[in-house]
Structure formats: structure tokens, C-alpha cells
Amino acid sequence: MPVVTNASPVIVLARIRRLQLLKELYGIVLMSPSVKVECVDRGKEAGADDVLEMEKGVSQRWIQLVSLNREEMQQARSLTDETRIGLGEAEALVLAKRRNVLAVLDDKEARAIAKSWNLEYTGTIMVLYEAFVKRLISHDELVDDLAKLTRIMWISTDVITEIIRRAKEVKK
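Residues numbered from 1 in each chain as written. Predicted model: local features only at pLDDT ≥ 70, side-chain atom pairs only at ≥ 80, totals over all residues. Heavy atoms only, no water.

Okay, the packing of aromatic side chains next. Within a pair of aromatic rings, the relevant descriptors are the distance that separates the centres and the angle that separates the planes. In total, this model carries 1 aromatic pair according to the counting rule given. Relative to Phe132, the ring of Tyr129 lies with its centre 6.5 Å away and its plane at 40 degrees, an arrangement referred to as tilted. Note that Tyr129 and Phe132 are positioned in helix α8 (residues 124-133) at a spacing of 3 residues, about one turn of the helix. Since its relative accessible area comes to 5%, Phe132 is described here as buried. (Phe/Tyr/Trp six-rings, centres within 6.5 Å; stacked < 30°, edge-to-face > 60°. Helix = DSSP H or I, 4+ residues; strand = E, 2+ residues; numbered from the N terminus. Buried < 20%, exposed > 50% of the residue type's maximum accessible area, 1.4 Å probe, protein only.)

Before going further, it helps to examine the side chain of Arg18. Following the sequence through the fold, Arg18 ends up in the loop between α1 (7-15) and α2 (20-26). Filtering out sequence-adjacent residues up to four positions away, Arg18 remains in contact with Leu13, Glu53, Leu128, Ile137, Glu141 and Asp145. (Contact = heavy atoms within 4.5 Å.)

The subject of this paragraph is the pattern of salt bridges. Under the definition given, this model contains 13 salt bridges. Measuring nitrogen to oxygen at the nearest pair gives 2.9 Å for the salt bridge that ties Asp41 to Lys36. For Asp41, a relative accessible area of 25% puts it in the partly exposed group. The shortest N-O distance in the salt bridge between Glu71 and Arg98 comes to 2.3 Å. Here Arg98 lies in helix α6 (residues 87-99) and Glu71 lies in helix α5 (residues 70-82), a separation of 27 residues in the sequence. (Salt bridge = Lys/Arg side-chain N within 4 Å of Asp/Glu carboxyl O.)

Bringing α5 into the picture now. Between the first and last C-alpha of α5 there are 18 Å, a value that for 13 residues agrees with the 18 Å anticipated at 1.5 Å per step. Looking at the buried positions of α5, the neighbouring elements they touch are α6 and α7 (108-116). Taking the backbone nitrogen of Glu71 as reference, a side-chain oxygen 3.1 Å away marks Asn69 as the first, capping residue of α5. (Expected span 1.5 Å × (residues − 1). Polar contact = N/O pair within 3.5 Å; in protein donor to acceptor, adjacent residues only side chain to side chain.)

What follows is the structure, encoded as C-alpha cells:
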């Protein structure tokens, strides 16, 4: 089943060399134009080496660039005007709603909107956990990846502890 994502999950998964997990778990990743600009175009401008992994996904067509129609774009812009989310999150939410697909979101407010719209959503940490549960990564790799994430983004120690606890239960 395809997923739609905003920029942060793509960027952080690419930075820890785990972007491929999105393909392995979900097959197709839908990416809006502003998310592509934020991830790929700005990443190139900054000289980020993880952009190559993103470009590879686009060239292999498991990352698919999806344009929003006029109505979807208006809805996304309204969201940015009425809330504190960026255009990438807004476009991801609108695409997830219109296409009835899972959204991968890390932004707290974007997740709250997804919940209020009754959308299925997950976050970067749960992508890693799901990869572990499906045996795409080992327990040690999960723990290492979580440690890498804490150096890139803020994650509550309670969340990390809970994921490791759950992983130990699965491991038994």
C-alpha cells in the first residue's frame, strides 16, 4: 500500500541510510512538489550527500512525485493559513485524505490534524519499529538507528524506552 510523506521523515531516514525501508514496507512513496523542493532541491543546494538516496528513489520510481489539483492546493494553503504547519505537511495531509493512504508525519500538529480527519498515520520512529517487526532490520540495528535519530531530531527518552521495550517483547 502506498504512503504519503512530508519532508522530515524522508530527510531523517535518508540521513541514517534507511530511506529504502519506506520502499520495503510500503512499496510506493508519494511526494508532493513542495516536499520534493524541501528534500531534494534544497538538499542539493546545501550539498547534502543523502540527496542521492532520494534521487535514486525517484529515478527507480518508488518515490513518485504527485501534483495536487487546484482544489487540493487550495485546501493545503488554507491549512497553512489556519494552522502552524508548513506547506509540505499540509500537502501530505491533503494527499493522504484524497487518496486514502497512510501518512508518514513527525510534526505534532500535522499528526493532530491527521487524527481529527480520521487518517491513518505513522512517524519515522514507528517506520523503524515496523521494519524491525517485519525483520527488515535487527534489534541491534533498531537500537543503533534510534540512537542516530536522537542526534538528528528531538525524541523523548520515554518514546525511545517504550520502542526498545516493545522490541524486546517481539524479540522473545
